[in-house]
Amino acid sequence: MNMKRMERIYLYVKENTRRLSAEEILSGKSFETNTISDELKILRNNVSKELNELFRLDKIIKIKGRPVRFLDKEGVQEKLNISLKEQCIEIDSIKELLDNLDNNDPFDYLIGADKSLKNQVEQAKAAIVYPPDGLHTLILGNTGVGKTLFARIMYNYGKFVKRFSDKSPFIIFNCADYYSNPQLLLSHIFGYVKGAFTGAEQDREGLVEKAHGGILFLDEIHRLPPEGQEMLFYFMDTGTYNKLGETERKRSASILIIGATTEDPSSYMLKTFIRRIPVIIRIPSLQERTVAEKIDIIKYLFANEAHRVNRPIKISPEVVKALIGSGSYGNIGQLKSNIQLTCAKGFLGSINSSNNDCIELDFRMLSTDIKDGLFAIGRNHKEFEELGNLLEAPLRISPDGYKMFLEDSGDPAFNLYTLIEDKVSLLKQEGLDDNYIDKFITTDVHISIKRLYNRFIRDNRERILKVIDREILEFAERMKELAEQHLNRKYSERFTYALSFHLSAFFKRMKEKKYNHAVYNDHSIQIQDELEVALQIKNRISQTFQVDVPAAEVTYIAILLKSVEEERQGQVGIVVAAHGGGTASSMVDVVQKLLGDSLLCAVDMPLDVSPKEILEVIIDKVKIMDKGKGVLLLVDMGSLFKFEATIIERTGIQVKTLDMVSTPLVLEAVRKSKVFDMELEDIYASLQEFRGYNNEFYSRTNAMEKVIVTVCASGSGTAVKLQEFVEDILPEITREAIRVVTLGVRELDKGIKELQKKQEVFAVIGIKRPKASVPFIPLEQLLDGRGEQVLRQMVAGRKFTVLPPKPSVIVKDVCTKNLQQYLTFLNPPKIMGMLLEFVTKLETELDTEFENTKKIRIIMHLGCALERMVVRDGLKYVEDSTRISPGLFRIVDHACQSIEKALRIGITQDEKYYICELLQIEG
């Protein structure tokens with residue numbers, strides 16, 4: 001009888017606590033004995049007795065006063081997003097509870113401190129308190145798992161146990177920032193005296209000196225050169241050091257050194273150095289955390305967003321599962337970016353909603369990459385089931401439940417949500433519909449978050465890893481950094497891909513003993529600076545890959561360094577000219593507010609001003625706007641086209657003109673110039689038939705061309721691979737004979753001139769844009785699938801016969817290789833034809849053409865679905881199936897029939913709903 005009574009009372013407190021908002025809890029809302037007695041019709045004495053027993057069992061929190069009041073402990077933790085370690089909490093107010101949290105062990109706030117990180121926390125505490133000065137520590141773990149955060153908590157724990165004072169420093173230094181310049185790196189760590197080296201005009205304090213009495217945290221410590229490691233371990237042994245330029249070690253400091261690395265220490269660090277570090281702590285990846293911890297991490301990150309946007313956020317269980325599944329690299333930093341992207345899109349949706357008090361996030365609104373996370377996690381049946389048990393209802397995160405216990409320097413310095421609100425307001429003033437606004441802002445959110453965190457999945461990088469070894473790609477990325485530092489210029493990812501392909505081809509030729517290139521001796525190319533850097537890269541290739549590199553490679557790499565630099569500085573300038581007192585200025589003002597300062601100006605043309613005067617004004621503006629990439633002239637009347645030739649003749653500046661100017665046209669032009677850094681010819685070609693965001697882009701037809709040129713540094717490495725790619729792709733696009741030839745950058749312009757004497761060059765694909773006015777497709781575009789689509793459009797534009805769209809060769813290769821990793825019972829090469837045919841049927845029935853990325857997602861999902869059918873473990877559709885169009889379902893069901901018949905496998909209705917879901921996703 002007593003247990004039933006206690007259960008009723010506890011259920012009352014629990015349910016009513018969870019009905020309260022965080023604001024109500026913080027304002028003092030709670031439940032007293034008399035109220036519970038009246039509601040449950042139980043004698044007050046019995047209620048009091050059971051409440052005291054529940055308090056003793058640590059189920060409820062007691063709030064002292066007259067009368068005494070109670071709250072459910074779990075409910076308070078959930079609503080306020082806090083962790084309460086103390087048993088039997090009795091307080092005067094909730095404010096006292098929050099204030100007391102600040103006096104707790106800092107590790108109590110670390111998610112997983114008592115579970116997956118328990119051993120690591122014990123190691124860290126021992127390292128801090130070990131007499132007399134603690135133990136030097138090395139933290140290991142993948143990128144984004146929280147190594148810096150863990151080190152900071154160690155520092156806070158040191159203050160908590162009085163090992164450090166409030167004034168003790170915590171100095172962070174990333175060794176990778178200067179790894180290519182050992183002297184500069186060591187000067188930062190140990191300091192230097194006047195005259196120690198050229199440019200040392202006065203004594204400088206080092207990090208060791210600044211960190212005295214505290215912690216020096218050396219991130220990416222494996223980048224320390226051997227001499228730096230020797231100086232550091234001598235300091236660890238003796239506590240003494242010398243600055244650069246001093247001969248004796250007379251200086252001393254008392255610091256605790258914490259290092260962090262993503263690499264295997266034994267591969268990069270001296271054994272004598274590692275022996276000086278007694279504590280080595282490995283932080284597990286996101287995948288290695290418990291399911292409950294993953295949910296807690298999700299809650300904490302959402303609490304940050306709820307606080308920033310100052311609105312509660314409601315998250316469906318499917319969104320949580322998809323987010324957890326989207327963390328494919330074990331990277332909490334990536335998960336944080338995915339959550340921020342999702343919240344930003346939800347915030348945008350709430351602006352246009354009548355009910356915008358709460359941001360509601362459901363599965364349908366997720367981006368495609370994140371949505372795929374649900375299917376990824378569905379393959380782990382045990383984890384999927386456990387998540388289902390823990391996520392029976394949507395999560396509701398309150399902005400007032402947020403409390404910043406630890407510093408998080410990774411947050412952006414500005415409020416992304418305020419930025420979105422301002423842009424939506426401006427776009428609405430222009431009369432643009434919600435559908436376009438959503439597309440515009442969503443794109444900008446993608447760009448903003450990528451710039452802020454640079455933690456999104458790199459699609460191109462993952463694709464290139466299908467054909468290039470990871471070691472080669474990572475080496476190329478390091479060489480990109482080296483080249484940028486030594487040549488003082490910025491390289492795009494194109495350089496990384498090009499060097500990766502080149503090295504892959506080089507290693508293959510060496511292995512097959514087919515290397516026969518002689519050294520270039522063409523001194524007409526001014527590449528002296530590049531040759532010096534290329535020599536360094538050659539030496540590093542030898543050291544890293546243990547191979548003898550012929551001298552000819554220095555020239556090839558130098559040409560690559562020269563040809564793939566940023567081709568021209570600045571961006572395409574844009575001049576908007578329109579009749580009327582302020583028409584052009586109004587459009588330019590809107591665009592500047594939306595996209596920030598851009599290379600953009602207005603020319604307002606009063607009707608009473610002569611064309612000659614207007615021409616002079618436009619010429620002056622063109623001169624100002626040109627920064628080396630030419631100027632796009634956007635005008636309201638076609639009669640102004642005649643200005644183009646005169647402007648070019650008088651200024652020598654490349655100019656292209658488009659008429660029918662509108663605010664959306666200016667927006668799109670500036671985005672292509674500023675955000676996507678496109679060339680004048682490419683912007684002009686893409687906008688010629690632009691008639692607003694609800695219309696398609698059409699390319700104007702040009703004369704038939706018969707030759708495609710692929711280009712790389714030598715004309716035989718990357719260019720040959722590209723030639724093979726293009727030759728495989730073309731038969732899927734057209735029956736017309738288009739010859740593919742290879743050229744090196746050295747002979748590119750000369751070679752194109754020779755080709756143009758007999759044929760017309762259809763396009764150039766590769767690492768270098770030619771001087772001739774020929775369409776150019778960068779190497780990275782061909783890799784990520786966009787290049788295929790551009791080729792198809794160009795073929796159509798030349799009035800060639802265009803074959804019906806089919807999944808590309810690249811799509812087939814990517815899907816086959818990926819499915820081989822996931823499928824056990826089905827043979828991907830055997831079923832690939834059926835999967836490709838399935839996509840083609842869908843495209844035909846829906847009268848559309850999917851992007852390569854969408855084709856890959858459909859094929860990957862269907863392949864995994866067929867495997868689930870074989871093992872009779874299909875996914876259950878968790879969304880409202882009435883949202884699926886019956887017509888779309890019939891199309892999917894019909895397309896599945898041939899596969900079901902051929903494999904004698906029945907595909908469940910739930911799996912077909914998920915395919916419909918994929919088809920309804922844009923992109």
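These numbers were taken from a predicted model, which means no experiment stands behind them.

Chemist: Which residues make up the nonpolar core, and what are the values?
Modeler: Within the largest apolar cluster, 74 residues are counted, with the highest numbers of intra-cluster contacts made by Phe-302, Ile-315, Leu-835, Phe-838, Leu-842 and Ile-859. Among the elements that line this core, the one with the most residues is helix H14 (residues 291-309), at 9 residues. Setting aside residues no more than four positions away along its own chain, Ile-859 makes contact with Val-811, Cys-815, Leu-819, Met-832, Leu-835, Leu-836 and Val-839. Core analysis: the next-biggest nonpolar cluster, separate from the first, contains 57 residues, Phe-495, Ala-534, Val-554 and Ile-765 among them.

Chemist: Can you tell me about the sheet that holds strand S7 (residues 215-219), naming the residues and giving the values?
Modeler: The sheet built from 5 strands is open, its strands ordered S6-S7-S10-S5-S11 with parallel pairing. Each end of this open sheet is capped by a strand with a single partner; those strands are strand S6 (170-174) and strand S11 (279-282). The average undirected angle you get between the axes of adjacent strands in this sheet is 20°. Where strand S5 (residues 137-140) meets S11, 4 bridges bridge the pair, whose relative direction is parallel. In the sheet register, Ile-139 faces S11, and the bridge partner there is Ile-281. On top of the sheet, helix H7 (residues 118-129) reaches S5, S7, strand S10 (256-261) and S11; it is set at about 150° to S11, its chief contact.

Chemist: Give me the lowdown on a negative patch on the surface, citing residues and values where you can.
Modeler: There is a patch of like negative charges on the surface, built from Glu-724, Glu-727, Asp-728 and Asp-813. With respect to the element layout, Glu-724 can be found in helix H31 (residues 718-733). The partly exposed category is assigned to Glu-724, whose relative accessible area is 44%.

Chemist: Could you give me a rundown of the packing of aromatic side chains, with the residues and numbers involved?
Modeler: Evaluated as defined, the whole model comprises 14 aromatic pairs. Between Phe-170 and Phe-217, the ring centres sit 6.4 Å apart and the planes meet at 15°, which makes this aromatic pair stacked. Of this pair, Phe-170 sits in strand S6 while Phe-217 sits in strand S7, and the two are 47 residues apart along the sequence. Accessibility assignment for this pair places Phe-170 and Phe-217 in one class, buried.

Chemist: Lay out helix H27 (residues 611-625) in plain terms, naming residues and giving numbers.
Modeler: A rise of 1.5 Å per residue sets the reference length of H27, with its 15 residues, at 21 Å; its end C-alpha atoms lie 21 Å apart and thus fit the reference within 8%. Of the residues making up H27, those classed as buried are Ile-614, Leu-615, Ile-618, Ile-619, Val-622 and Met-625. Down the axis of H27, the buried side of the element spans an arc of 140°, and every buried residue falls inside it. Opposite the packed face of H27, turned more than 90 degrees from it, sit the exposed residues Lys-612 and Ile-624. Next to the buried residues of H27 lie strand S15 (573-579), strand S16 (600-605), strand S17 (631-635), helix H28 (643-651) and strand S18 (655-658).

Cut-offs and rules
Residues numbered from 1 in each chain as written. Predicted model: local features only at pLDDT ≥ 70, side-chain atom pairs only at ≥ 80, totals over all residues. Heavy atoms only, no water. Core = buried A, V, L, I, M, F, W, Y, C linked by side-chain atoms within 4.5 Å. Buried < 20%, exposed > 50% of the residue type's maximum accessible area, 1.4 Å probe, protein only. Helix = DSSP H or I, 4+ residues; strand = E, 2+ residues; numbered from the N terminus. Contact = heavy atoms within 4.5 Å. Pairing = 2+ DSSP bridges. Axes fitted to C-alpha atoms, helices over the stretch in contact; angles between N-to-C directions. Patch = residues over 30% accessible without salt bridge, like charges linked within 9 Å, V, L, I, M, F, W, Y side chains within 5 Å. Areas by Shrake-Rupley, 256 points an atom, 1.4 Å probe, with all protein chains shown as cover. Salt bridge = Lys/Arg side-chain N within 4 Å of Asp/Glu carboxyl O. Lys, Arg positive; Asp, Glu negative; His and termini not counted. Charge placed at Lys NZ, Arg CZ, Asp CG, Glu CD. Phe/Tyr/Trp six-rings, centres within 6.5 Å; stacked < 30°, edge-to-face > 60°. Expected span 1.5 Å × (residues − 1). Arc of directions from axis to C-beta.

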